[in-house]
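Next come the chains, spelled out residue by residue.
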Amino acid sequence: MAEQAVTPQADTVTVTIDGVEVAVPPGTLVIRAAEQAGIAIPRFCDHPLLKPLGACRQCLVEIPDAGNGRGFPALQASCTTVSANGMQVKTAATSAKVKQAQAGMLELLLINHPLDCPICDKGGECPLQNQAMADGRMVSRYEGVKRHYTKVKHLSPQIILDRERCVLCARCTRFADQIAGDDQISLVERGAKAQVGLSDEVPFTSYFAGNVVEICPVGALTSEAYRFAARPFDLVSTVTTCEGCAAGCQLRVDQRHDQVKRRQAGDLPAVNQEWNCDRGRFGFVSARGQDRLTQPLIRHEGALVPASWPEALAVAAAGLKAAGSAVGVLTGGRLTRETSYAYARFARSVLGTNDIDFRARAVSDEETAFLTQAAGRQFGDGITYDDFDRATQVVLVGFEPEDEAPIVFLRLRRAVKERGLKVTVIGAGASLGSIKMSADVVSTVPGQEAAALAALALEDGALVLAGERLATSPGALAAVAAVTERGGRWAWIPRRPGELGALEAGAFPTVGPRGHSLADPAIRQLWGGTWSDQPGRDTAAQLAAAADGQLSALVVSGLELADLPDPAAAAAALERAQCVISLEQRLSDVAALADVVLPVDLLEETSGSFRNWELRLTPVTQVIRQPRSPMTEIRALAALAEELGHSLGWATPAEAAAELAAIEPVPSPTPVWPAVAAPTTPATDQLTLATWRELFDDARLLDGETALLACARPLVARLNPATAQRLGLKAGQPVTVAAAGVPGRTAVVDLVLDPTLAETVVWAPSRGRGASLGLAPGQLVTVTQEVTR
């Protein structure tokens, strides 16, 4: 290879690899310098996001000159050797010694490796297979007996280890320790018996366990979900965005015969780097089975019966015409930005109502004022993931990143470990995620976050990350917005992926698209139709209005009754409404109460975009080219508008995106904050509930993924030991957590003592299979010993 001259710079060192000069920053590993020069060096243990180890010795190089005129007497691992100015490096392309050593390492690795390639999930995308074919011997010289283990060892219900295939690269154990902070797996035994195993036989139920399958270079780690499901060369891959939360992770979705077989983390360094959580990786089975709706349903003689599209649209239009403008629209928070925009335009220009809200959870007037302001801020204070690598302090309030936006947790933990970022948590106590981030916890009773944030000393440029749970904490969101006056910046991070896009699109009762007011003549001219200048009703108000007859019809999409503060009252409101139209992918509690059910597309069957929490536009790409539903949700709305004598003007996501992009954003006015009510003082036998939804719970999105759900954390209630003693409760025994004054809202869980909790607080998960409270944080509850019979 011809030598190429490189002009050295003051902040670089120049290395020559196989005759090619490359300038790299000081501290760059030789293997990274080779990558920059376009020179391939084989490796197994090396990974750019893990600390160097030098375990596999496959990346050996010859260094005749270390930059000081002297060379190394032995070959060196390029993944642990730091580049030096003037260093000369030879790879297998120019050194026979290196080529022989790498071939020898391959031969040694294959001595005990089984010939599983025809059945191995990694076959076709396996670095060991590729290197053995390219650089290894065609015929093995080994005539001994290979080492054997039991073929399947479950590290968890989801993750399976085949120890015979393992080459001890330690990628999996380093990921668990360095990235996820879950040290349940490690290298155990010694010498020839060394193997990956469980620490103290505790299952590897990390939220991020699926990443070890993806980074394993030899197929030693596989997943229960994908095992023997397909071959890599049979799959068609599409890059899209995960719909699991608002983190905005890039995914690579692999499908075969229009069936999604697996999802893997995409390579998006600015967001999820090369990782994703197991909810996003494995939680895609829901609505892909026999319960998928493919034909409209209408209610006839009290039962839902199949109907044609023209018949269903006619029935829906008749119900909406009878209701006039007394119609509410509830969109949930998982729709793409384009679909939310279609609902916003449909509500105003077709139905003539401002009663539209994307929030399928507890809401408040304060949050409505906060989001009205946020709709025109372009957007938030501009905080990004990269700011975690520069900030000196990050404050989390009403937000548990490991459960509610897992990649935010990984990026924060990385900044803590690599550069000592200070994380402060304003919460009821120290969660598992807080402990992994070495966070300082400001113990706060739910509902008093505003005072805690106001009293907290913020460093200059501090970042405040606020979660959606602050909606029910009086004054908290106003305190978050005020951090800009204290030299800080803030961002709002909802749980669902479509909430910020819906806010931008105008699927909100108080504001139009891109921050425009409801009275803006430009929007009226664009959309046509007539609607009031007055703000509409939020989710709770719409359901209350339906219950007392003020709203005659409801159009509902992507909303689960169990997500609402009072599912029974919501069901009663739907039953009272004269017309309920549900746009769904499979039957749900809402669809079961509907008068018309219109089947719509899954996310992989459409295109569009999300706005993630940093307000990055993340694309959603159509994966399935022959969807089972003939209608996208936007097309269904367009057809319904035509049945009502109106036109949306378009019927595709691309057209909706183009129209939304053409609307110039406008700043929103300073919000008028509602009066803050004094916190309720609990009775002597009552406690204040601290709660959030854990990553693996009873969400319908996870239905059908039994292995993943088996990795859910145990359902427990946490109490301060002093509180437990006062109430006469003992750790490890089942207790009943019940909402004070709300019959039927109870959960029976085991009790765990947690000295970090405030003494007037109990923590319990909001939702869980077999034990769902469904309460908002700050509500008063009682905790009593469960009587077993």
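To keep things clear, this report deals only with the structure shown in the data block.

### So, the nonpolar core
Turning to step 1, where the next piece is worked out: In terms of nonpolar packing, the biggest core is built from 99 residues, with Phe 388 and Leu 465 touching the most fellow members.
Turning to step 2, where the next piece is worked out: Broken down by element, this core gets its largest block of residues, 7 residues, from helix α11 (residues 406-419).
Turning to step 3, where the next piece is worked out: If sequence neighbours within four positions are ignored, Phe 388 has contacts with Val 394, Val 408, Arg 411, Leu 412, Ala 415, Arg 419, Leu 421, Leu 463, Leu 465 and Trp 613.
Turning to step 4, where the next piece is worked out: Residues Ala 452, Leu 458, Trp 531 and Leu 644 belong to the second largest nonpolar core, which totals 80 residues.

### Brief notes about the pairing of strand β22 (residues 489-493)
Turning to step 1, where the next piece is worked out: Most of β22 is tucked away, with 4 of its 5 residues classed as buried.
Turning to step 2, where the next piece is worked out: In this sheet, β22 lies alongside strand β21 (residues 463-467) in parallel orientation, the contact comprising 5 bridges. Counterpart to Gly 467 in the pairing with β22 is Ile 493.
Turning to step 3, where the next piece is worked out: With helix α14 (residues 476-481) bridging β21 and its parallel neighbour β22, the resulting β-α-β unit is right-handed.

### A few points about the packing of helix α2 (residues 96-111) against helix α3 (residues 127-135)
Turning to step 1, where the next piece is worked out: Running from N to C, α2 and α3 cross one another at 130 degrees; their axes reach a closest spacing of 10 Å. Considering the angle they form, α2 stands oblique to α3. With respect to the hand of their crossing, α2 and α3 are arranged in left-handed fashion. Between α2 and α3, the contacting residues are Lys 99, Ala 103, Leu 106 and Leu 110 on the first element and Leu 128, Gln 131, Ala 132 and Asp 135 on the second.
Turning to step 2, where the next piece is worked out: Partitioned by chemical class, the residues of the contact of α2 with α3 number 5 nonpolar, 1 polar and 2 charged.

### Details of a negative patch on the surface
Turning to step 1, where the next piece is worked out: A cluster of acidic side chains, namely Asp 177, Asp 183, Asp 200 and Glu 201, defines a negative patch on the protein surface.
Turning to step 2, where the next piece is worked out: The residue Asp 177 is located in helix α4 (residues 171-180) in this model.
Turning to step 3, where the next piece is worked out: Take Asp 177: its relative accessible area is 45%, and that puts it in the partly exposed class.

### Considerations on the pairing of strand β19 (residues 422-427)
Turning to step 1, where the next piece is worked out: Counting buried residues along β19, 5 of its 6 residues qualify, which places the element largely inside the surrounding structure.
Turning to step 2, where the next piece is worked out: In this structure, strand β18 (residues 393-397) lies alongside β19, joined through 5 bridges in parallel fashion. Bridging across to β19, Val 394 finds its partner in Val 423.

### Here's the deal with the side chain of Asp 254
Turning to step 1, where the next piece is worked out: Along the chain, Asp 254 turns up in strand β12 (residues 250-256).
Turning to step 2, where the next piece is worked out: On the basis of relative accessible area, Asp 254 is assigned to the buried category, the value being 0%.
Turning to step 3, where the next piece is worked out: A polar side-chain atom of Asp 254 sits 2.6 Å from a polar atom in the side chain of Arg 262.
Turning to step 4, where the next piece is worked out: The residues touching Asp 254, leaving out its near neighbours within four places in the chain, are Leu 235, Val 236, Ser 237, Gln 259, Val 260, Lys 261, Arg 262 and Gln 264.

### Considerations on the packing of aromatic side chains
Turning to step 1, where the next piece is worked out: Within this structure, the stated rule accounts for 12 aromatic pairs.
Turning to step 2, where the next piece is worked out: Both rings, one in Phe 175 and one in Trp 275, keep their centres 4.8 Å apart while their planes meet at 55 degrees; by these two values the pair is tilted. Taken as a pair, Phe 175 in helix α4 and Trp 275 in the loop between β13 (259-265) and α6 (278-282) lie far apart in primary sequence, 100 residues in all. For the pair shown, Phe 175 and Trp 275 are each scored as buried.
Turning to step 3, where the next piece is worked out: Note that Arg 524 overlies the ring of Trp 531, its terminal NZ or CZ placed 4.6 Å from the centroid.

Conventions adopted
- Residues numbered from 1 in each chain as written.
- Predicted model: local features only at pLDDT ≥ 70, side-chain atom pairs only at ≥ 80, totals over all residues.
- Heavy atoms only, no water.
- Core = buried A, V, L, I, M, F, W, Y, C linked by side-chain atoms within 4.5 Å.
- Buried < 20%, exposed > 50% of the residue type's maximum accessible area, 1.4 Å probe, protein only.
- Helix = DSSP H or I, 4+ residues; strand = E, 2+ residues; numbered from the N terminus.
- Contact = heavy atoms within 4.5 Å.
- Pairing = 2+ DSSP bridges.
- Right-handed = clockwise from strand over helix to strand, strands pointing away.
- Axes fitted to C-alpha atoms, helices over the stretch in contact; angles between N-to-C directions.
- Parallel < 35°, antiparallel > 145°, perpendicular 65-115°, else oblique.
- Left-handed = near helix turned anticlockwise from the far one by under 90°.
- Nonpolar A, V, L, I, M, F, W, Y, C, P; charged D, E, K, R; others polar.
- Patch = residues over 30% accessible without salt bridge, like charges linked within 9 Å, V, L, I, M, F, W, Y side chains within 5 Å.
- Areas by Shrake-Rupley, 256 points an atom, 1.4 Å probe, with all protein chains shown as cover.
- Salt bridge = Lys/Arg side-chain N within 4 Å of Asp/Glu carboxyl O.
- Lys, Arg positive; Asp, Glu negative; His and termini not counted.
- Charge placed at Lys NZ, Arg CZ, Asp CG, Glu CD.
- Polar contact = N/O pair within 3.5 Å; in protein donor to acceptor, adjacent residues only side chain to side chain.
- Phe/Tyr/Trp six-rings, centres within 6.5 Å; stacked < 30°, edge-to-face > 60°.
- Lys NZ or Arg CZ within 6 Å of the ring centre and 35° of its normal.

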